[in-house]
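Inside the fold
Below are the chains, spelled out letter by letter.
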4 protein chains.
Amino acid sequence: MLRYFTAGESHGEALVAFLSGMPAGLKIDQAFLDRELWRRQQGYGRGGRMKIERDSAHILSGVRQGMTIGSPISIQLENRDWKNWQESLPVGEGDPAKHKRVASPRPGHADLAGALKYNFPEARYVLERASARESAARVALGAIAKLFLRELGIEVLSHVVATGNVTFAGQVPWEEIRALHDRQYGREDVLLNCADPEAEQHMKDEVDKVLKTGDSLGGVFEVVAHQVPPGLGTYVQWDERLDALLAAAVMSLQAVKAVEIGAGVTAAFAPGSAVHDEIGYAATSGFTAFSAPATMLEVLKAAYPMDRKSACAAI
Amino acid sequence: MLRYFTAGESHGEALVAFLSGMPAGLKIDQAFLDRELWRRQQGYGRGGRMKIERDSAHILSGVRQGMTIGSPISIQLENRDWKNWQESLPVGEGDPAKHKRVASPRPGHADLAGALKYNFPEARYVLERASARESAARVALGAIAKLFLRELGIEVLSHVVATGNVTFAGQVPWEEIRALHDRQYGREDVLLNCADPEAEQHMKDEVDKVLKTGDSLGGVFEVVAHQVPPGLGTYVQWDERLDALLAAAVMSLQAVKAVEIGAGVTAAFAPGSAVHDEIGYAATSGFTAFSAPATMLEVLKAAYPMDRKSACAAI
Amino acid sequence: MLRYFTAGESHGEALVAFLSGMPAGLKIDQAFLDRELWRRQQGYGRGGRMKIERDSAHILSGVRQGMTIGSPISIQLENRDWKNWQESLPVGEGDPAKHKRVASPRPGHADLAGALKYNFPEARYVLERASARESAARVALGAIAKLFLRELGIEVLSHVVATGNVTFAGQVPWEEIRALHDRQYGREDVLLNCADPEAEQHMKDEVDKVLKTGDSLGGVFEVVAHQVPPGLGTYVQWDERLDALLAAAVMSLQAVKAVEIGAGVTAAFAPGSAVHDEIGYAATSGFTAFSAPATMLEVLKAAYPMDRKSACAAI
Amino acid sequence: MLRYFTAGESHGEALVAFLSGMPAGLKIDQAFLDRELWRRQQGYGRGGRMKIERDSAHILSGVRQGMTIGSPISIQLENRDWKNWQESLPVGEGDPAKHKRVASPRPGHADLAGALKYNFPEARYVLERASARESAARVALGAIAKLFLRELGIEVLSHVVATGNVTFAGQVPWEEIRALHDRQYGREDVLLNCADPEAEQHMKDEVDKVLKTGDSLGGVFEVVAHQVPPGLGTYVQWDERLDALLAAAVMSLQAVKAVEIGAGVTAAFAPGSAVHDEIGYAATSGFTAFSAPATMLEVLKAAYPMDRKSACAAI
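Structure report, in brief. Computed from a predicted structure; not experimentally measured.

This part is about helix H6 (residues 174-184) of chain D. Residue and element names in this part refer to chain D. Taken residue by residue, H6 has Trp174, Ile177, Leu180, His181 and Gln184 as its buried positions. The buried residues of H6 occupy an angular sector of 125° when the element is viewed end-on, so they sit on one face. Packed against the buried residues of H6 are helix H1 (30-41), strand E7 (155-163) and strand E9 (218-226).

Here is the structure:
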């Protein structure tokens, strides 16, 4: 039903986000969009650019009187740094001498493959689009999707499970994830988004240590969707399966190199009896899928240090 | 370029595989297709049905004189068990009393969600399509895709990395994976597809032990594509990224609940310096991406017992 | 929501029709499917093959106990002539000397363009797939779509408006189109599907005359959808517009080279005041779009001999 | 390969055009884009708005140093009238009393159907997106497509064949269409784009006459693609056929209600012998498809006053 795309380069004039298929009549909360964009810009240890940009969603179409009207939504995110790049990255023909070459392809990025694919002598134009700056446009659209889901009583939140060797292994109940987000709301200082304050402090220490050496750090975050009705997606065709669609969406994010549904990774090292929830039924309460018993967690922890997560990212 | 779909139920008359977009002039090796179908049916510990089916790809269209002709390829895989199900699962109206209900939704399957989605009073029709039997149709199409890739010098093979607690942690060079497949070619006994004979024996023992208790076992397999040119997929749009497309394809397989690219999971717990391959360049040999040094493997093994894999499956 | 594809060649073993997305619980009337396939095979002046084939929809999947079950529907249409072509058009490698070349590309067909595209030395393989025989698979799927629309109170019928120079210019009310189809139901003789018996006789005479000379004849048919609710498709994006989707579906039929919505062709030669229906509103009856007054028809007839039609086909 | 979409409303801040899949390295001629946008704004008898807008393609992404770089191209077309509509059509919540209702749905437009579909109490928001102003975004993208085709030696031009009752029936050779466009290049006065100056004067007179009465006029234009290689599109699947794709693209334009390929409409009233080009072959010149002999035209003219055209538009 929904189709979405993004355009725009890291140091160009603007990013553009495009979304079609959103029903008419959805209330658009501009402050929520901008808050989500701000959240993307935070992150313990992020570079200085975040302070320059402070994104705001400039809605060009599809919204009137604060409501969607059925027509495609397009959003522009200005690159505030553009003024410093107009001479070296002009849209029209400019002075080639001012071009800032990226001659050493960076490992862990699309630089080399992209330059080979599009036949560029260096990696500047690849970097401009492959950069995770692009994800800002997706965040703006994701914020609209969240507003839509709210109308259906569904909420999607996330939290950090690991940074490098520091892992917070406990299962985090929905209420705690909810509370974590409420706690952060309106704050301007840089957070790490871990549900456990003590673990968060360890994570920050780990980040501080690594950054001093000029290195970076991998990490794991979990995305939880609350109150999702059963039956989204379908088993009838491979490309309509919810697992496949979710995996593609998450894996399309820059730097994400692994994704699991529920306890996917640990489940691979366990017997079926430890992995599958028992399904119960009672006339009064309908179907219930009980959580696996505590003993399963013990089994899994021996093989793998986490009990659930949804995406593994090497930042 | 290629579009593919499957149809067919587990105990219906046949599975149907559909593929459009394959160029004309590709030689189709029927024996290879059937060999791949046979490989899918093997697997240490598989149930008795595998002995009934012995699939063969019955090509209905798109191939003439052993060559593709540009038009859509359709393949029928007969369900040999169909004769035993015609009365309980007829296409036309039959005797409802002969319907075999599946009243207890099985955990770890689509039974409950599917019955709720399509409003069935029990899970028979869900089971029929959600079953991994469907993957036989994908194997037939995958075999054609492999024949196509061969023309481009690309080969795709796989091997088992873990079953339950038994993990073969070493990096397996391409030549060994190749040798593993040559070794198995033409054999009729049931294999486990691990590159290391000793580890394979441990895996078999593990399977034997678990099956005796009526339980099942998770596992991990790695798919390796050899001689792939850089630049497939692209960073320019989220839904064209190779990682996303691969993740969706693998995650759409029944029972797969996690997927990683390269060392995706372990990379999440490591610093960037241990994860990224160094890119070298020499006028004579062009670009080279060196494998990470041995020390990285040591770092990773401490956090996680495997050094690379591509898909984690809870069977 | 619905995705459909066909496979199969004109003288291969079978055609295959594939449809995904049809909701579960739709009653499938096998006799209606076969009746629709029979209708496709009729047509005043059709060749002898129609007598050989007498298609029947062999449903392989997606239907159980006479109802759709949500999983993809696949249908096989046997080519009864296949036994006569197995040696000259084998799927596997056969005797190349038995291949029946089509050395002269036929005008008005895809022969030449197809052979150039797929790099064939002659047009046999193009003819096999480009042939209008393929439309039989679409008719089977269309019959299912009609059964689905019936559940929504929508009916889609058609009639012939012109063959060559013989045109039946009057507007045909829905009731007459309905009556035409009722009249034909169950008959086995070859009809021409014109709503006016006298005009139909003239059309048959025209066909008789032309066939004697070894020539063929163009024609026009109108497809009418009855009780369609307003708001299908949408103006919000070019590729979601109903006009565009309908035009593509009709124009994708072999030999169709023009398509109009309503009085599209004649409207091109008329002032807006003669083309647009006046929209009325009353509290009791809601909106009404009145038909244009008779004088408009007079204006249009002067410029063009028909007052409405939906597709123009050169058979 | 190419995906394109548009966003934006008629009296909103801007239209946005989105194009992905264009190869890197294509030279983008900004003056050509703006010239094409100017051409769209002309047209004998167009209203006053055209003088306000004078569109210019503001490229936001995908182009650097005057060349495409592989990443998605996004273009903004400012609505210069926006300043006059900010209060009545604000993106955020504004004063509802300033909303300019469109209470009478206009015949021949999407007003009524759109308001019913999206559940609006009046048609303002439908009008804003359904308006043909949207096509400006498509023109900007079409200009880029034309630049791409030029690299392959293909050119696409158009001319007006009929306005109301005035029809220019002769076949117009490519050279004359080419000359027509050269003649117009750089001119600022309003043209009608008919290849024959005398017929053009008659057309203008017809337009003048009708406009005085407050009415509008239908018309026919022909689009000709020059030097197209055979084999674009394919007969192998219904939704990949070139005829279907072209018909959808043309029919998706506001006000277009009929489309034909070649002499599609007239062919419907003619015998096959008069419609099909004879295909010739000579070792030196390869295949040739001769134009139909003059006698065919005579036959067709009797039935229908034009000999070829590609789209019939009721303006």
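Counting through the fold element by element, Gly70(B) comes out in the loop between strand E5 (67-68) and strand E6 (73-78). For Gly70(B), a relative accessible area of 4% puts it in the buried group. Placed 117 residues apart in sequence, Gly70(B) and Arg187(B) show a C-alpha to C-alpha distance of 34 Å. If near-sequence neighbours (up to four positions away) are discounted, Gly70(B) is found in contact with Met22(B), Ala24(B), Tyr118(C) and Val236(D).

We now examine the packing of aromatic side chains. Applying the stated criterion across every chain, the model contains 28 aromatic pairs over all chains. Among the aromatic residues, those joined into a ring-pair cluster are Phe5(A), Phe18(A), Phe5(D) and Phe18(D). Between the NZ or CZ atom of Lys100(A) and the centre of the ring of Trp85(A), over which it lies, the distance is 4.4 Å. Over the face of the ring belonging to Tyr118(B) we find Lys117(B), whose NZ or CZ atom lies 5.8 Å from the ring centre.

Opposite the 75 residues of chain C that make contact, chain D presents 75 residues. In this assembly, chain C packs against chain D so that about 5,900 Å² is buried in total across both faces, 64% of it on carbon and sulfur atoms. Where chain C packs against chain D, one counts two salt bridges. The salt bridge involving Lys257(D) is made with Asp243(C); its shortest N-O contact spans 2.7 Å. Counting across the chain C and chain D interface gives 29 residue pairs in polar contact (both at pLDDT 80 or more). The residue makeup of the side of chain C that touches chain D, split by class, is 45 nonpolar, 19 polar and eleven charged. Here three bridges tie strand E10 (residues 256-260) of chain C to strand E10 (residues 256-260) of chain D, and the two strands are oriented antiparallel to one another.

With that out of the way, let us pick up the pairing of strand E7 (residues 155-163) of chain C. Residue and element names in this part refer to chain C. Most of E7 sits inside the fold, with seven of its nine residues counted as buried. Pairing geometry for E7 and strand E9 (residues 218-226), over eight bridges, is antiparallel. Following the sheet pairing, Thr163 is matched in E9 by Gly219. As paired elements, E7 and strand E8 (residues 166-167) share two bridges and run antiparallel to each other. Its bridge partner lying in E8, Thr163 is registered against Val166. Hairpin geometry of E7 and E8 is characterised by an intervening segment of two residues between the two adjacent antiparallel strands and by a positive phi of about 55° at Gly164.

Right, let's get into the relation of the copies chain C and chain D. Mapping chain C onto chain D calls for a rotation angle of 180° and an axial translation of 0.0 Å; the resulting RMSD is 0.0 Å. What we have between these two chains is a two-fold relation. The rotation axis passes nearest to the C-alpha of Ala248(C) in chain C, at a distance of 2.5 Å. A high fraction, 100%, of the interface residues of chain C reappear at the interface in chain D, so the copies pair face to face through one surface.

Sheets are built from strands that pair by backbone hydrogen bonding, the pairs being arranged parallel or antiparallel. Residue and element names in this part refer to chain C. Read across the sheet, four strands follow the order E1-E2-E6-E3 without closing on themselves; strand pairing throughout is antiparallel. What marks the edges here is a single partner per strand, and that holds for strand E1 (3-7) and strand E3 (58-61). With direction set aside, neighbouring strand axes in the sheet form an average angle of 20°. Examined bridge by bridge, E1 and strand E2 (residues 14-20) share five bridges and lie antiparallel to one another. Note that in E2 the partner of Tyr4 across the bridge is Leu19. The sheet strands contacting helix H5 (residues 135-151) are E1, E2 and strand E6 (73-78), and the helix crosses E2 at an angle near 35°.

Definitions and cut-offs
- Residues numbered from 1 in each chain as written.
- Chains lettered and ligands numbered in written order.
- Predicted model: local features only at pLDDT ≥ 70, side-chain atom pairs only at ≥ 80, totals over all residues.
- Heavy atoms only, no water.
- Buried < 20%, exposed > 50% of the residue type's maximum accessible area, 1.4 Å probe, protein only.
- Helix = DSSP H or I, 4+ residues; strand = E, 2+ residues; numbered from the N terminus.
- Arc of directions from axis to C-beta.
- Contact = heavy atoms within 4.5 Å.
- Phe/Tyr/Trp six-rings, centres within 6.5 Å; stacked < 30°, edge-to-face > 60°.
- Lys NZ or Arg CZ within 6 Å of the ring centre and 35° of its normal.
- Buried area = accessible area lost by both parts, 1.4 Å probe.
- Salt bridge = Lys/Arg side-chain N within 4 Å of Asp/Glu carboxyl O.
- Polar contact = N/O pair within 3.5 Å; in protein donor to acceptor, adjacent residues only side chain to side chain.
- Nonpolar A, V, L, I, M, F, W, Y, C, P; charged D, E, K, R; others polar.
- Pairing = 2+ DSSP bridges.
- Least-squares fit on C-alpha atoms with pLDDT ≥ 70 in both.
- Axes fitted to C-alpha atoms, helices over the stretch in contact; angles between N-to-C directions.

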